[in-house]
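Next come the chains, spelled out residue by residue.
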Amino acid sequence: MPKAPASPPEVPSPPPSAAPSPPSGEDAVPWLEEMPPRKIVAELDRYIVGQEAAKKAVAIAVRNRWRRAQAPEEIRDEIMPNNIIMIGPTGVGKTEIARRLARLAGAPFLKVEASKFTEVGYVGRDVESMVRELVDVSINMVRSEREDDVYPTAEQRAEERLLDLLLPPLPSPPSAAPSPPGVASGEQGAGVQRPLFVVSSKGDVQPKLPEAETEQNERRRRTREKLRQQLKDGLLEERDVEIEVQQQSFPMLEMMQPPQGMEGAEINFGEMIQELIPKKKKRRTVHLHEARRILIDEELKKLVDMDDVVNEALDRVENHGVIFIDEIDKITGQRGQSAGPDVSREGVQRDLLPIVEGSTVQTRYGYVRTDHILFIAAGAFHIAKPSDLIPELQGRFPIRVELSSLTEADFVRIMTEPENALTKQYAALCAADGATLEFTADGVKEIARIAAKVNERMENIGARRLHTVLTTLLEEVLFELPDYPVKHVVFDGPAVRERLLRIVEDEDLRRYIL
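Since the model is a prediction, treat every value here as computed from it, not as a measurement.

Enquirer: Can you tell me about helix H1 (residues 37-45), naming the residues and giving the values?
Expert: Where H1 is concerned, the buried positions are Ile40, Val41, Glu43 and Leu44. One side of H1 carries all its buried residues, which in axial view fall inside an arc of 155 degrees.

Enquirer: Please give an account of the pairing of strand S8 (residues 360-363) that cites residues and values.
Expert: Side chains Val361 and Thr363 of S8 all project onto a buried face; the interleaved residues Thr360 and Gln362 project onto a face where none is buried. The turn linking S8 back onto strand S9 (residues 366-369) is made up of two residues.

Enquirer: Kindly report on the packing of helix H15 (residues 422-431) against helix H17 (residues 464-480), identifying the contributing residues and their values.
Expert: The relative placement of two packed helices is expressed as an angle between their axes plus a distance between the axes. The interhelical angle for the contact between H15 and H17, taken along N-to-C directions, is 20 degrees, at an axis separation of 11 Å. As judged from the angle between their axes, H15 and H17 are roughly parallel. Here H15 and H17 pass one another in a crossing that is right-handed. When H15 is examined against H17, the residues Leu422, Tyr426 and Cys430 are found in contact with a partner set consisting of Leu466, His467, Leu470, Thr471, Leu474 and Leu478. When the residues that make up the contact of H15 with H17 are grouped by side-chain class, the tally is seven nonpolar, two polar and no charged.

Enquirer: Before we move on, could you go through the packing of aromatic side chains and cite the residues and values that matter?
Expert: If you walk through the whole model with that rule in mind, you get one aromatic pair. Ring centres of Phe439 and Phe491 lie 5.8 Å apart, and the angle between their planes is 20 degrees; on these two criteria the pair is classed as stacked. Taken together, the residues Phe439 in strand S12 (residues 436-439) and Phe491 in strand S13 (residues 488-491) connect sequence positions 52 residues apart. Residues Phe439 and Phe491 agree in their burial class; the two are buried. A cation over an aromatic ring shows up here: Arg100 above the ring of Tyr47, its NZ or CZ 4.0 Å from the ring centre.

Enquirer: Mind laying out the sheet that holds strand S11 (residues 399-402), listing which residues take part and the relevant values?
Expert: The strands making up a sheet are joined through hydrogen bonds of the backbone, oriented either antiparallel or parallel. The parallel open sheet is built from five strands, whose spatial order is S2-S7-S10-S1-S11. Edge positions in the sheet fall to strand S2 (109-113) and S11, since each has one partner strand and no second. Within the sheet, the average angular offset between the axes of one strand and its neighbour, ignoring direction, is 15 degrees. One ladder, built from four bridges, connects strand S7 (residues 322-326) with strand S10 (residues 374-379); its direction is parallel. The residue bridging Ile325 from the neighbouring strand is Ala377, located in S10. In the packing of helix H2 (residues 52-70) onto the sheet, contacts are made with strand S1 (84-87), S7, S10 and S11, and the angle to S1 comes to roughly 165 degrees.

Enquirer: Outline the packing of H1 against H2, listing residues and values.
Expert: Two elements in contact, H1 and H2, have axes whose closest approach is 8 Å; the angle formed by their N-to-C orientations is 130 degrees. In terms of axis orientation, H1 runs oblique to H2. Between H1 and H2 lies a crossing of right-handed hand. Listed contacts from H2 to Pro37, Ile40, Val41, Leu44 and Asp45 of H1 are Glu52, Lys55, Lys56, Ala59, Val62, Arg63 and Arg67. Grouping the amino acids of the contact of H1 with H2 by side-chain chemistry returns six nonpolar, no polar and six charged.

Enquirer: A description of the environment of Asp307 should follow, citing residues and the corresponding values.
Expert: Residue placement: Asp307 occurs in helix H11 (residues 306-320). Residue Asp307 is classed as exposed on the basis of its relative accessible area of 57%. Through-space distance from the C-alpha of Asp307 to that of Tyr365 is 9.6 Å; in sequence the pair is 58 residues apart.

So, how was this worked out
- Residues numbered from 1 in each chain as written.
- Predicted model: local features only at pLDDT ≥ 70, side-chain atom pairs only at ≥ 80, totals over all residues.
- Heavy atoms only, no water.
- Buried < 20%, exposed > 50% of the residue type's maximum accessible area, 1.4 Å probe, protein only.
- Helix = DSSP H or I, 4+ residues; strand = E, 2+ residues; numbered from the N terminus.
- Arc of directions from axis to C-beta.
- Pairing = 2+ DSSP bridges.
- Axes fitted to C-alpha atoms, helices over the stretch in contact; angles between N-to-C directions.
- Parallel < 35°, antiparallel > 145°, perpendicular 65-115°, else oblique.
- Left-handed = near helix turned anticlockwise from the far one by under 90°.
- Contact = heavy atoms within 4.5 Å.
- Nonpolar A, V, L, I, M, F, W, Y, C, P; charged D, E, K, R; others polar.
- Phe/Tyr/Trp six-rings, centres within 6.5 Å; stacked < 30°, edge-to-face > 60°.
- Lys NZ or Arg CZ within 6 Å of the ring centre and 35° of its normal.

Here you go:
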């Protein structure tokens with residue numbers, strides 16, 4: 001992704017410890033929080049059509065994280081995040097906004113489904129598990145950044161270990177044993193060459209190697225350099241080498257996990273037992289390219305300080321973490337109902353409330369405060385209403401954004417403007433078979449018209465209907481493509497109408513619903 005140009009800062013630059021540094025790398029994108037809201041909206045526009053109000057609200061909320069980091073320290077902890085709730089029918093871009101934010105944020109980001117959480121006492125997940133999952137995401141993110149920084153060093157060390165495997169070092173000569181009592185030194189030294197030492201002008205004492213040993217070392221050095229060059233040229237990738245690896249954990253220990261809904265104590269019995277069991281190593285014969293991967297992983301673990309990774313990751317979670325709670329309307333029941341299948345829905349909201357308000361959650365890496373984590377919720381609310389949420393939870397999502405339904409013109413833009421448009425995706429799939437797929441302007445309009453018509457006549461599933469229509473349109477082509485006589489396939493208006501005539505005329509459209 002191209003790096004967005006940095007805009008002039010509106011406030012003085014932060015102190016080094018106020019905010020984490022952007023990800024390293026030549027093509028690294030700046031932290032989403034450091035980009036002006038207009039730039040954030042422009043990044044989202046590359047993949048999402050319309051919904052300007054939602055993009056603007058998200059951009060402001062994300063930028064406010066950076067603004068908070070610039071605030072004076074005495075008021076910084078008082079600035080609370082503006083949590084957002086997005087309301088709109090399915091398939092209009094709520095989840096897509098979250099997915100794109102996750103790729104652009106550069107900060108810990110987690111997307112969870114509210115429907116998988118249930119009140120304590122019912123089968124389901126504990127709501128605090130979302131914070132633990134966010135910590136795991138942050139740990140992996142920071143560790144990856146640290147590994148990227150030291151990867152060249154790890155690669156160099158792994159190369160030296162590979163050369164030692166290909167050309168094992170000579171065994172060191174045994175040291176001379178002390179002379180037993182009653183044996184003369186002359187008798188002991190018979191047939192044994194005494195080591196020679198050279199004293200320099202500065203008084204340094206260095207052993208002087210015999211000429212034969214010096215020549216042997218020189219031959220080994222030249223051989224090692226030849227092997228090094230062959231390694232770089234990729235000539236030894238399929239050679240078998242024997243390496244020593246740590247034995248994998250026992251499968252039975254992986255099963256010793258707390259059941260769902262009881263993760264509160266965060267005690268990993270499997271890890272505790274593995275720490276007590278001595279580490280076993282075994283020898284494996286693998287191809288050289290596989291050995292390189294294993295050795296680089298081992299060197300990365302040695303070079304990366306996990307204590308530093310954990311401290312940085314927990315700080316990012318508390319000050320820059322974002323949790324996207326999807327399908328929040330599924331835990332919303334009509335107010336006043338306290339029996340039936342919705343009995344646990346309000347309980348989930350009560351369990352969710354302290355997390356969003358701000359509490360301390362215990363994780364395996366330490367305690368995490370959720371006061372400054374940004375929460376973005378989304379739901380279709382086609383049955384329940386946002387006002388059916390308990391009032392305390394409503395108050396914790398002060399920013400409400402309504403997303404509009406997609407029209408036929410929006411479908412045309414969705415198939416042509418985004419960088420990941422469906423038409424471009426199918427063109428890439430056809431190119432794998434050496435064919436060229438082309439959609440004319442009237443063909444795209446016809447697909448959009450049919451998708452909008454089907455949405456009107458049946459359940460409105462938004463942009464997901466385009467998947468249904470395009471899959472039906474291209475089904476025969478993708479099936480016959482390897483043996484297709486024509487490698488240039490063009491879909492114009494008449495061709496689209498002819499192929500999709502069955503969908504348009506068939507009143508029983510249920511078979512075409514995703």
